[in-house]
Every structure is written in C-alpha cells, then in structure tokens.
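# Residue-level structure breakdown
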Amino acid sequence: MTRKKILITGGAGFIGGNFVKYMVKKYPNYDIYNLDLLTYAGDLTKHRDIETNENYHFIKADIADRDTINPLFEKEKFDYVVHFAAESHVDRSITEPGIFVKTNVLGTQVLLDAAKEINVSKFIHVSTDEVYGELDFDPTTFFTEETPLQPNSPYSASKASSDLLVRAYHETFGLPVNITRCSNNYGPYHFPEKLIPLTISRVLNDQKVPVYGDGKNIRDWLHVYDHCAAIDLVLHEGLNGEVYNVGGHNERTNLEVVKTIIKTLGKSEDLIEFVKDRPGHDKRYAIDPTKLEKLGWKPTYTFETGIAQTIQWYLDNKEWWEQIISGEYRNYFEKQYDI
Ligand code: NAD
Ligand code: TYD
C-alpha cells in the first residue's frame, strides 16, 4: 500500500481522538497528522500510547486561522483530510453561538480552500444527523440522506452550513468530498459534558444526574469504534460527492439510558433529577444506514454490548475523566445546572 499523508482535524477530541488511534495502529504506512487547537474539549493525554509512534504527528493550530492553515497545506501536501474539529455541544451553542459559526462554518471553509489549492484526493467532512432536525415518535420514520436539512439549534445550524459549503466545493470546484452524518456517539474518551459520560461519572460519585424535561427524548446511539470503521470505509471506498448516514438502530429514551447506567453500577434511581428542558430540544433522532451498509459497513456493537464496554472503560480509566472534571469543566457545570 502506498504511503499517504492524512490530516485529521480535532484529533484531540472524543471521536477524532478515537479515529487517530485507530488509523495510527491500522495503517503504519500512513503518516497521521493530528491538528487541534486544544480547546476545553481537546486533551492530548489520551494519546500517550501512540505519541512516540513514528507515523504520528501533532500540530496545535486553529482551523479558522488561514495564515497558519494555508502554508501548512502547501508544505505538507496532504493526500487526505478527515475533518472532525468543531464546537460540538448543543447546550454551549445556546449560550454562546458565535464560536460555533467561527469554528464550524468559517473553519471548515478555510480547510476547504486549502484542500482545493493542493488538490487533495479526499476531504471527509464529519457531520451529524442533527442537521436533519427532529423526527416525531413514530418508530417507522428515519433520517435518510435525502431528508431535508432543518437544523434547530445553533450547533446543528452551524454544522448544516458547513455541510452545504462542502457540497458546494464539490459541485463548483470538483473537490473530492464525502459528508458523513452520524447519530449520537458514545464510548471511551467521551467528554463528561455529554449525557452518557456525564451520567457514568456522576453516578460513580453518588451525585444527582440532570435529565432534561420528561426524559422521553430519543437518541440513536452509535459506538465510537463502529463510527471509526465507517469513516475508514468512506475514506477508501466512498463515491465522491456522496453523503453517508452512520447509525446502528439503537434508539433509546434518555431515561432508559440513564436507568441502564444506574442499574449496571448498582446505584439507586433516586439519583435521577428532572430539570428544566433544553430550549428547542429535538424529540427524536434515528438513522437509516442502508446506503453505508451497501458500501460494506456493519456495526459490531449493540447498545447493550456497547454500554457495558463503555461503563467498564470509565471504571478502568477514572484518572482520565477525573482530571477532565476538574478546572474549566467544573465552572461550566456549576453555571449550567442548579443541582
Ligand atoms: P469534541 O468536542 O470532543 O472534540 C472537538 C475537537 O475539536 C477538540 O479536540 C477541540 O480542541 C477541537 N477544536 C475545536 N475548535 C477548534 C479549532 N478552531 N481548530 C482546531 N481544533 C478545534 O467533539 P466530538 O464529539 O469528537 O465530535 C467530532 C465531530 O463529530 C464534530 O464535527 C461533531 O460535530 C461530529 N459529531 C459528533 C457526535 C457526537 O455524538 N459526539 C455526533 C455526530 C457528529
Ligand atoms: P447530548 O449528549 O448533549 O447530545 P445531543 O444533544 O447532541 O443529542 O444529549 C443527549 C440527550 O440527553 C439530549 O436529548 C439531551 C439529554 N441530556 C440530558 O437529559 N441531561 C444532560 O445533562 C445532558 C448533557 C443531556
């Protein structure tokens, strides 16, 4: 296999971090460049196991900083770009939308321009099912790649905007792109502001778990390892210009998720605290992954096996999430929740 240079943006975050590890280990003959600004969500301690590998390189940079990105692309002549870097938390986008536009929209456009200038062979844009808006509770309805974009939060609106720019760079300039739209990920190294790691870490500390509204909103859970395999497949086999939805039919209400974690950890459901609902809270997400399955992808985790693996990982890696929960994150949590 020929040697390739791959730029992975956001590789110090949750999904990008798992993807960096996956690629460094699976493709020793690829040079993996992890570019990340190291915002509150970025953490390099997760890469201690690979940081001395010859095929791993780290670059601290802002994707929205054209003066850094353009010369970097000119110098390194990347073959592929896999773009994860983003502001990713819906709740933060409600209190501070501006940074979502800067990073997710402008940052993506800066990368597209740089990729176009050096004629990359593939630009993968990692997006989200949240761009499709929400579904009602009819279990026979799903998001397909043809579902119209109807984002409801500043986060999903910024992701939808970046998706449209990626599409336009394909249509206008012939840039070889794919857009992947996945459902909610979970698994190792998930930042504890999101529902599953937040619940695991708080239940382990016997702290109350905030459940928004009545807890009946539904998310379609995808193990991050299955997501990494999907992106690998799209990178190597995806047809240029195509969108691929990624999801494994694992719909659960938020309350079911929280109760499963509490039960597995042998704690009491008294820890559940219903709190004020999120404004514009999407009711349900559910992915139809048929198109990606036809390309050859199949998830290996069910929700049951995935959540068991994830809870065990958090039990085995307390040090990692305890250091994350200190500092800036603690201030954020105190401002966000009154519990
Ligand atoms: P994350 O918040 O854990 O990580 C984001 C990473 O991007 C961090 O390391 C951060 O430091 C970096 N970053 C932020 N701004 C940057 C900038 N201006 N320049 C360079 N780096 C910057 O996010 P995640 O959960 O790993 O999500 C990764 C991607 O997947 C995002 O694009 C997100 O929209 C998408 N996605 C996530 C989920 C999910 O369930 N987590 C679901 C669907 C789609
Ligand atoms: P989250 O993990 O923030 O992902 P997203 O908003 O991108 O789906 O939230 C998942 C679901 O859990 C969502 O319906 C909101 C809900 N939620 C809570 O009930 N309590 C919480 O403390 C958080 C963070 C989320």
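Presented here is a report on the structure given in the accompanying data block. Note that this is a predicted model, so its numbers are computed, not measured. (Residues numbered from 1 in each chain as written. Chains lettered and ligands numbered in written order. Predicted model: local features only at pLDDT ≥ 70, side-chain atom pairs only at ≥ 80, totals over all residues. Heavy atoms only, no water.)

## A word on the pairing of strand β2 (residues 30-36)
Inclusion rule: Categorising residues by exposure relies on relative accessible area from a 1.4 Å probe, with only protein chains included: less than 20% of the type maximum marks a residue as buried, more than 50% marks it as exposed, and the intermediate range marks it as partly exposed. The way it works is that DSSP assigns letters per residue, a run of H or I at least four long becomes a helix, a run of E at least two long becomes a strand, and they are numbered from the N terminus. Between any two strands, pairing holds if DSSP finds at least two bridges.
With seven of seven residues buried, β2 is to be regarded as a mostly interior element. Residue alternation in β2 divides its side chains into two sets, Y30, I32, N34 and D36 and D31, Y33 and L35, and both sets are buried. The pairing of strand β1 (residues 4-9) with β2 spans six bridges and is classified as parallel. Within β2, the position partnered with I6 by the bridge is I32. Pairing of β2 with strand β3 (residues 56-60), which is carried by five bridges, proceeds in the parallel orientation. Paired with N34 across the two strands is F58, which belongs to β3.

## Describing the site of ligand 1
Just so we agree on the cut-off: Proximity criterion: a residue is near a molecule or strand once any of its heavy atoms comes within 4 Å of it. Polar contacts here mean pairs of N or O atoms no more than 3.5 Å apart (in protein, one a potential hydrogen donor and the other a potential acceptor; neighbouring residues in sequence count only if both atoms are side-chain atoms). Residue exposure ignores everything except the shown protein chains as possible cover, and the areas themselves are Shrake-Rupley values with a 1.4 Å probe. Polar here means any residue outside two lists: the nonpolar Ala, Val, Leu, Ile, Met, Phe, Trp, Tyr, Cys and Pro, and the charged Asp, Glu, Lys and Arg; Gly therefore counts as polar.
Close to ligand 1 lie 29 residues; I15, D36, S88, Y155 and K159 are nearest. I15 is positioned such that a nitrogen or oxygen atom in its backbone is 2.7 Å from an oxygen atom of ligand 1. Backbone polar atom of F84 to an oxygen atom of ligand 1: 2.8 Å apart, as the coordinates give it. Taking 840 Å² as the accessible area of ligand 1 by itself, protein coverage stands at 97%. For the shell around ligand 1, the per-class residue count stands at 14 nonpolar, twelve polar and three charged.

## So, the site of ligand 2
Within the structure, ligand 2 sits among 17 residues, and E130, P210, R219, R278 and H281 are positioned closest to it. Within the contact set of ligand 2, an oxygen atom lies 2.9 Å away from a backbone nitrogen or oxygen of L195. Within the contact set of ligand 2, a nitrogen atom lies 2.7 Å away from a backbone nitrogen or oxygen of P210. For ligand 2, the protein covers 97% of the area, taking 510 Å² as the surface of the free molecule. If you list the elements that add at least two residues to the shell around ligand 2, you get α6 (195-204) and β8 (209-212). If you tally residues by element for the shell around ligand 2, the top one is β8, at three residues.

## Looking at the pattern of salt bridges
Going by this rule: For this document, the term salt bridge refers to a Lys or Arg side-chain nitrogen within 4 Å of an Asp or Glu carboxyl oxygen.
Counting across every chain of the model gives 20 salt bridges. Among the ionic pairs, D49 bridges to K21, the shortest N-O distance being 2.8 Å. Taken together, the positions of D49 in the loop between β2 and β3 and K21 in helix α1 (residues 14-26) put the pair 28 residues apart, joining distant regions of the chain. Judged by relative accessible area, D49 falls into the partly exposed class, the value being 43%. As a salt-bridge pair, E74 and K77 come within 3.1 Å of each other at their nearest N and O atoms. Using a relative accessible area of 48% as the deciding quantity, one classes K77 as partly exposed. Among the charged side chains, a salt-bridge network with shared partners connects K5, K75 and E76.

## Points about α1
Worth spelling out the cut-off: Helix span is expected to be 1.5 Å times the residue number reduced by one. Contacts were defined at the residue level, with two residues in contact if any of their heavy atoms lie within 4.5 Å.
Here α1 is 13 residues long and its end C-alpha atoms lie 18 Å apart, about the 18 Å a rise of 1.5 Å per residue gives. Taken across its 13 residues, α1 has ten buried, putting it largely inside the fold. The set of residues buried in α1 consists of F14, I15, G16, G17, N18, F19, V20, K21, M23 and V24. Considering only its buried residues, α1 is in contact with β1, β2, β3, β4 (80-83), β7 (185-186) and α7 (224-237).

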